[in-house]
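Breakdown of the fold
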Amino acid sequence: MLNFFREGEKLIERKRLLIKGQVQGVGFRPAVYKLACDLGLHGFVFNDTSGVTIELQGDDQTIAEFIDRLSAADKPPAAKIISCDVHDIEVTNDQFGFHIKQSDITGSPISQVTADMATCSECLAELVDKGDFRYRYPFINCTNCGPRYSIVKTIPYDRPNTTMDVFSMCDKCRTQYTDPMNRRFHAQPVACVECGPKIWLADKNGDVLTEESDKVIAKTAQMLKDGKIVAIKGIGGFHLAVDALNDQAVKRLRERKRRDCKPFAMMAVNIETIEQHAVVTSAARELLQSPEAPVVVLQKKSKSNIAQSVADGVGSFGFMLCYAPLHHLLFAEGLDVLVMTSGNISDEPLICDNDKALAKLGGIADAFLTHDRQIYRQVDDSVVQLINGATVPLRRSRGYVPAPVFSLESCNVDILACGADMKNTFCFVKGDQFIPSEHIGDLEDAEVYHHYVKSIEHLKGLFGVKPEVVVCDLHPGYFSTQFAKSIPDVKLLQVQHHWAHIASVLAEHKIAGPVIGIECDGTGYGTDGNVWGCECMIADYEGFTRFGHLAYYKLPGADKASKEAIRPLLGLLKYTYKERFNLDDFSWLLDKIEPDRTKQKIISQQIDKNLNTALTSNLGRVFDAVAAMVGIGFRNNFEAQLPMGLESIVEFSCEDAYDFDIAKPANEPIQLDLSKMIMQMIEDLHSSVEQSIIATKFHNCIAGSLLEFALEARKKTNINIVALSGGVFCNRYLAQRLIKLLNNNGFSVLFNQAVPSNDGGIALGQAAIAAHKMRKRKRKT
């Protein structure tokens, strides 16, 4: 085998490059072709089920330049190279230049399916260019933008494997599609007005109002200006759109959608418009304009004419920019800001099918702007926020899914991690990839559960996953747990909820631990049968030791306790004052929260008699109780409504904090006792201390107490790395204050950035623990 030969002074060699990452459907092969031709290299490139394979022949210096440039300046904008393995191979007599070969579909599909991407600047320029044959075409796209994951049926990502297979390209489109020097080379959704998908506007009964594209756009925009609700089919499903400046129209949408309080996401025509209503930092600007185009959570400005009912009672707006050509055409008709909320009935799956949209949304929308490009996978908008300058997902979907989280070690078996029941995602393990699904939803809804089961089957096929191991939560009542147990002929593993949260942080940061894990959320089934929710653990993939927790208090009412703040409040008051507690002594407070004295007494008796009452270390419900005490509200109409309201009134200039105690019982975990905090809060309420000051002192107290957990754990273990996870850390003020305190005390701090810290990240942690156990078992055998 001859690996090289000399040609004059040059050393001629041949190399094979095996590239993994986001390299299919992003113009990677055309970029390789152009670069290789520019450098005079011989060889070929093709897609395969692992990524992209390149063979290069030329002198060693030119090949090295090729590799350097492909990884930097000449890499397509949407490409992400995770690994590039270079192998010396036998030199051939190849003198036929460089070419693109047909995709190789043999082998196990583990290449990364590309996420859907916002319309690029070049396509936007063509969209408004009267001389371009795609002028004002609502589906313009290229290899740098457009739908990907939402239209792909299987891989490799070639047109016959997408929902575009029903549209035959015209000669103009095919010429660009087959030209390696064109940016639409093998852009699978490529189309134009002559050969591609069409839009139309229909009334709520499905009767077509107009099919002429420009008239569809103009009439839709006018309806929105007139306060009408329009269902608009986009990239991943339908939006329900309404003028965000029209309070009556927004209220009408809330009433019809049965979404009383939860904030709506909005879409704006440009950054400048968003800046009129919210604080946009440079990092937020970059996110808004990124190819992922997520909804970005931004601090409200005090003066804004956004309808109050869009996001009442919280301190932030959720904004995104136009990300589909159809959006750009609509907003060009003089629209500024629209509510763009998921096209569904509250808590049900996003709707992407035309007929189903008419059937389900006909009672909500006044009209339907739809099209005939099939959406194979419905994908909600992603929602992100910035914590310490880092992008942190609250909901990971369009633009980010199905990008994998890579492991440093490969797993020898395929694994399915079933996730949690709230904010469900699931996750596959295949080789060295963790593949989290998009946001699925809350599994207690029958339609969401059906979508969950169907999604698992689809993605198993898409990625060629054949799970031999299934991992789920410890909670016996979870639908995800019951589903896992119903799967035949697999090895079943169960992982404690909060351990999975911490493992998700380890997985995305590619460390094995051990770490000091601080996990704070609303609920999780503990190994002692109690409801955990504020935990300090020493954790790695092998296991965890519960080092500390919030002292148990009694939580009456099961699921009602997550909605009615009176329930955790009574539990905390009884814990704090013990035998001194008397309902009548607190009537001045309790009557404002629950005016029904009889109900107060029943809940109090529930606690005393342990009827339908759990012992809990749940920190989320403490936030509910405090929010009710200061008068933010008395009920969570949607998850975390009260804590969000409490965070919104924090006074950033206040450094005061309530006191707390750390109890250290022998041979047991240390315990955080918030009795002093509750008593001092009661004193402040009696003294009419400002609502914002009480809220701030509470947040500062919690941050200080969690720091104390970490300091005590370091004394015992000498571990200096802290991992933070759990839904409570969606609270930006708390997360950033705690991170600062930990850093000031010499800790390295890790937190979720690839997946949400809420239960949307649970599946990744489950998958990482299961993969470790399987690798360990293989080494033993």
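Higher on the page you've got the structure.
Below, the structure is looked at part by part. Per chain, the residues get numbers from 1 upward, laid out in the order the sequence is written. Only residues with pLDDT of at least 70 are given local features in this predicted model, and only at 80 or more are side-chain atom pairs given and counted; all residues enter the totals for whole chains, interfaces and linings. Side-chain measures were taken over the full set of non-hydrogen atoms in the model, leaving aside hydrogen atoms and water.

Focus on the overall build of the protein chain
This is how it is decided: Strands are runs of DSSP state E lasting at least 2 residues, helices are runs of H or I lasting at least 4, and numbering of each runs from the N terminus. Values of the radius of gyration come from C-alpha atoms, whereas the globule rule sets the reference at 2.2 Å times the count of residues to the power 0.38. Think of it in three bands: residues with accessible area under 20% of the maximum for their type are buried, residues over 50% are exposed, and the middle band is partly exposed, with areas taken using a 1.4 Å probe on protein chains only. Calculation of accessible area relied on Shrake-Rupley with a 1.4 Å probe; when residues are assessed, cover is drawn exclusively from the protein chains displayed.
When its secondary structure is counted, the protein chain shows 22 helices and 30 strands. Rg of the C-alpha trace for the protein chain: 28 Å, near the compact-globule value of 28 Å for 781 residues, within the 12% margin. By its C-alpha atoms, the protein chain is 90 × 65 × 50 Å across when sized along the principal axes. When each of the 781 residues of the protein chain is scored for burial, the buried share is 60%. When the accessible surface of the protein chain is totalled, it reaches about 30,500 Å², and 48% of it is carbon and sulfur.

What about the pattern of salt bridges?
Side-chain pairs of opposite charge can arise whenever the charged atoms involved come near each other. To be explicit about the condition: In the sections that follow, a salt bridge refers to a side-chain nitrogen of Lys or Arg positioned within 4 Å of a carboxyl oxygen of Asp or Glu.
The tally for this structure, following the rule as stated, stands at 42 salt bridges. The shortest N-O distance in the salt bridge between lysine 215 and glutamate 212 comes to 3.5 Å. Judged by relative accessible area, lysine 215 falls into the partly exposed class, the value being 48%. Taking the relative accessible area as the measure of exposure, glutamate 212 reaches 44% and is therefore partly exposed.

Examining the sheet that holds strand 19 (residues 427-436)
Counted only if it meets this: When DSSP finds two or more bridges between a pair of strands, those strands are recorded as paired. Comment: axis = line fitted to C-alpha atoms, over the contacting stretch for helices; angle = value between 0 and 180 degrees taken between N-to-C directions. Note on definitions: a residue-residue contact is assigned when non-hydrogen atoms from the two residues lie within 4.5 Å.
The strand order 19-18-20-21 describes an open sheet built from four strands, whose pairing is mixed. Looking along the sheet, the strands with just one partner apiece sit at the ends: strand 19 and strand 21 (491-495). Strand-to-strand, the axes of this sheet are offset by a mean angle of 60 degrees, without reference to chain direction. When strand 18 (residues 405-417) meets strand 19, the two strands line up antiparallel, connected through six bridges. Bridged to cysteine 411 within strand 19 is glycine 431. Seen against the sheet, helix 12 (residues 479-486) touches strand 18, strand 20 (469-473) and strand 21 and runs at an angle of roughly 155 degrees to strand 20. Of the strands in this sheet, strand 18, strand 19, strand 20 and strand 21 are in contact with helix 22 (residues 762-780), which crosses strand 18 at around 90 degrees.

Looking at the pairing of strand 4 (residues 52-59)
Strand 4 sits mainly inside the fold: eight of its eight residues count as buried. Pairing of strand 2 (residues 10-22) with strand 4 involves eight bridges; the strand directions are antiparallel. Note on strand 4: the bridge partner recorded for lysine 15 is leucine 56. Linking two consecutive strands that pair antiparallel, namely strand 3 (residues 42-47) and strand 4, is a turn of four residues; a positive phi of about 155 degrees is found at glycine 51 within it.

So, the packing of aromatic side chains
Here is the rule we go by: A pair of aromatic rings is counted whenever rings of Phe, Tyr or Trp (Trp by its six-membered ring) have centres within 6.5 Å, and the orientation is called stacked for planes under 30 degrees apart, edge-to-face for over 60 and tilted otherwise. Placement of a charge over a ring requires the Lys NZ or Arg CZ to be within 6 Å of the ring centre, with the centre-to-atom vector within 35 degrees of the ring normal.
Here the structure, examined in full by the defined rule, presents 16 aromatic pairs. Taking 6.1 Å as the distance between ring centres and 70 degrees as the angle between the ring planes, the aromatic pair formed by phenylalanine 426 and tyrosine 452 counts as edge-to-face. Of this pair, phenylalanine 426 sits in the loop between strand 18 and strand 19 while tyrosine 452 sits in helix 11 (residues 446-463); the two residues are 26 residues apart in sequence, bridging distant segments of the chain. Each member of the pair phenylalanine 426 and tyrosine 452 is classed as buried. Across from the ring centre of phenylalanine 264, 4.1 Å away, lies the NZ or CZ of arginine 254, which sits over that ring. Over the ring of tyrosine 575 we find lysine 578; its NZ or CZ atom is 4.4 Å from the centre of that ring.

A look at the packing of helix 17 (residues 619-630) against helix 19 (residues 675-686)
Definition in use: Roughly parallel means an angle under 35 degrees; roughly antiparallel means over 145; roughly perpendicular covers 65 to 115; every other angle is labelled oblique. Here a crossing is called left-handed whenever its near helix is offset anticlockwise from the far helix by less than a right angle, and right-handed whenever the offset is clockwise.
The geometry of helix 17 relative to helix 19 is characterised by a closest axis approach of 11 Å and an angle of 15 degrees between their N-to-C directions. In terms of their interaxial angle, helix 17 and helix 19 are classed as roughly parallel. As helix 17 runs across helix 19, the sense of the crossing is right-handed. In this structure, helix 17 contributes Val622, Val626, Met629 and Val630 to the contact, and helix 19 contributes Met677, Met681, Ile682 and Leu685.

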